[in-house]
Amino acid sequence: MSYRAPWWLPGGNAQTIWAAKCSRRHAGAAPRWRRDRWSTPDGDFIDVDHAVHEARADAPLLVLFHGLEGSSESQYAIAFADFASRNGLAFAVPHFRGCSGELNWAPRAYHSGDHQEIDWVLSRFASLNPARPLIAVGISLGGNALLRWAAEWGEAAARRTRAVAAVCSPLDLAAGGHAIGRGFNRQVYTRMFLSTMVPKAMRKWQQFPGLFDRDAMLRARDLYEFDNLFTAPLHGFKNTEDYWARASAKPLLADIRVPALALNALNDPFVPASSLPRQTDVGHHVTLWQPAQGGHVGFPVTHGALGLPGHVLAMPEAVGAWLLQHC
């Protein structure tokens, strides 16, 4: 992907925040959604939002796995829905547990390496849409989980999907986790995430009293502490270090057997450039795009006479076109 940020948005933080808060997300009408609720094998549920627009019966289905605390309302989901609409693709956003606006029922949530959940979701899509080629994109956390799935499932993943892509994903979770816990990131992004994650965790504690240390959770001030108290123990990990090490996709990228794209801006405030994979870390199925600018799921582009307010359609166009090459 060839990308250059507007001159008036210098640095990864500006490109990240402007894209999330100010940029235009769709070229045409805003997407409309139809929601399905799927019962999971463990007695829980996930909510799946399907974009309502025209698509041929044999057109590819693009599935988007959102990022941490994301949903179909996230700016990138809307932008990809717009891309799908303009290209006649079917499009769906499966929500990770508890991210659709309603708390899930089971004593668990979601995490960065949940490849079993990814496999179940993609299997369900494939069985419901056998005539449609299946392609998938994961954003940030969702991208790490998607590439982890592609690596863990190997040839089976290649039979299930035509191609997958990860956008701005922390493929080395320890590097990303430590980066978001320092300086400006800690004061802005960490607080933003914890402002929704901690209340949801407390509601989960009300569902299952004693599930974790309630008082310690109320004192949590960064994602390391949150993962240590909640994410790791609820999903079978010993602690944060064990979770970050075992859930990271980077060590397994060479095992991927389906065409896979990993897009990471070198100025992403969440993902240190030094932690990104090099070509020697991946197999020939994996393509690395690492532009100098873009921020975290930003990539804003100017348009109009004054270039304001800008849009975030360039990244979905580039990633979507790459995915479609493999259909």
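Attention here is on the structure that accompanies the text. (Residues numbered from 1 in each chain as written. Predicted model: local features only at pLDDT ≥ 70, side-chain atom pairs only at ≥ 80, totals over all residues. Heavy atoms only, no water.)

What follows covers unusual backbone geometry. Even without glycine at this site, Glu69 takes up a positive phi of about 60°. Taking relative accessible area as the criterion, Glu69 reaches 22% and is therefore assigned partly exposed. Even without being a glycine, Ser140 presents a positive backbone phi close to 55°. With respect to the helices and strands, Ser140 occurs in the loop between strand S5 (134-139) and helix H4 (141-160). (Buried < 20%, exposed > 50% of the residue type's maximum accessible area, 1.4 Å probe, protein only. Helix = DSSP H or I, 4+ residues; strand = E, 2+ residues; numbered from the N terminus.)

Once that is clear, we can look at the packing of helix H2 (residues 75-86) against helix H10 (residues 314-324). Geometrically, a packed helix pair is captured by the angle between its two axes and the distance between the axes. Packing of H2 against H10 brings their axes to within 9 Å, and their N-to-C directions diverge by 55°. In terms of orientation, H2 lies oblique with respect to H10. Seen from above, H2 lies across H10 with right-handed handedness. Touching Ala79, Phe80, Phe83 and Arg86 of H2 are Met315, Pro316, Glu317, Val319, Gly320, Ala321 and Leu324, all from H10. (Axes fitted to C-alpha atoms, helices over the stretch in contact; angles between N-to-C directions. Parallel < 35°, antiparallel > 145°, perpendicular 65-115°, else oblique. Left-handed = near helix turned anticlockwise from the far one by under 90°. Contact = heavy atoms within 4.5 Å.)

With respect to topology, 8 strands assemble into an open sheet ordered S1-S2-S4-S3-S5-S6-S7-S8, the strand pairing being mixed. Looking at the sheet topology across the chains shown, the edges are occupied by strand S1 (33-39) and strand S8 (286-289). Strand-to-strand twist of the sheet, defined as the mean angle between neighbouring strand axes without regard to direction, takes the value 20°. Both S1 and strand S2 (residues 45-51) contribute to a ladder of 7 bridges, which runs antiparallel. (Pairing = 2+ DSSP bridges.)

What follows covers the state of the cysteines. Within this structure, the stated rule accounts for 0 disulfides. For the unlinked cysteine Cys99, the closest cysteine sulfur is that of Cys168, found at 18 Å. Owing to a relative accessible area of 8%, Cys99 belongs among the buried residues under this scheme. (Disulfide = S-S within 2.5 Å.)

What follows deals with helix H3 (residues 115-128). Here H3 is 14 residues long and its end C-alpha atoms lie 20 Å apart, about the 20 Å a rise of 1.5 Å per residue gives. Residues His115, Glu117, Ile118, Asp119, Trp120, Val121, Leu122 and Phe125 constitute the buried set of H3. Looking at the buried residues of H3, the elements they touch are S1, S2, strand S3 (61-65), strand S4 (90-94), S5 and H4. (Expected span 1.5 Å × (residues − 1).)

With that settled, consider helix H5 (residues 173-180). For an α-helix, 3.6 residues make a turn, and residues three or four places apart therefore share a direction. Where burial is concerned, most of H5 is hidden: 6 out of the 8 residues are buried. Listed in full, the buried residues belonging to H5 are Leu173, Ala175, Gly176, Gly177, Ala179 and Ile180. The opening residue of H5 is Asp172, an N-cap whose side-chain oxygen sits 3.3 Å from the backbone nitrogen of Ala174. (Polar contact = N/O pair within 3.5 Å; in protein donor to acceptor, adjacent residues only side chain to side chain.)

Our focus in this paragraph is the packing of aromatic side chains. In the structure shown here, the tally under the stated rule is 15 aromatic pairs. Ring geometry for Phe96 against Tyr110: centres 5.6 Å apart, planes inclined by 5°, an arrangement best described as stacked. Placement of the pair is Phe96 in the loop between S4 and H3 and Tyr110 in the loop between S4 and H3, with a sequence separation of 14 residues. With respect to class, Phe96 is no different from Tyr110; both count as buried. Taken together through their ring pairs, the aromatic side chains of Phe184, Tyr189, Phe193 and Phe270 make up a single cluster. Stacked on the ring of Phe45, the Lys or Arg Arg37 has its end atom at 3.8 Å from the ring centre. (Phe/Tyr/Trp six-rings, centres within 6.5 Å; stacked < 30°, edge-to-face > 60°. Lys NZ or Arg CZ within 6 Å of the ring centre and 35° of its normal.)

Structurally, Glu241 can be placed in helix H9 (residues 240-247). Separated by 14 residues in the primary sequence, Glu241 and Asp227 have C-alpha atoms spaced 9.2 Å apart.

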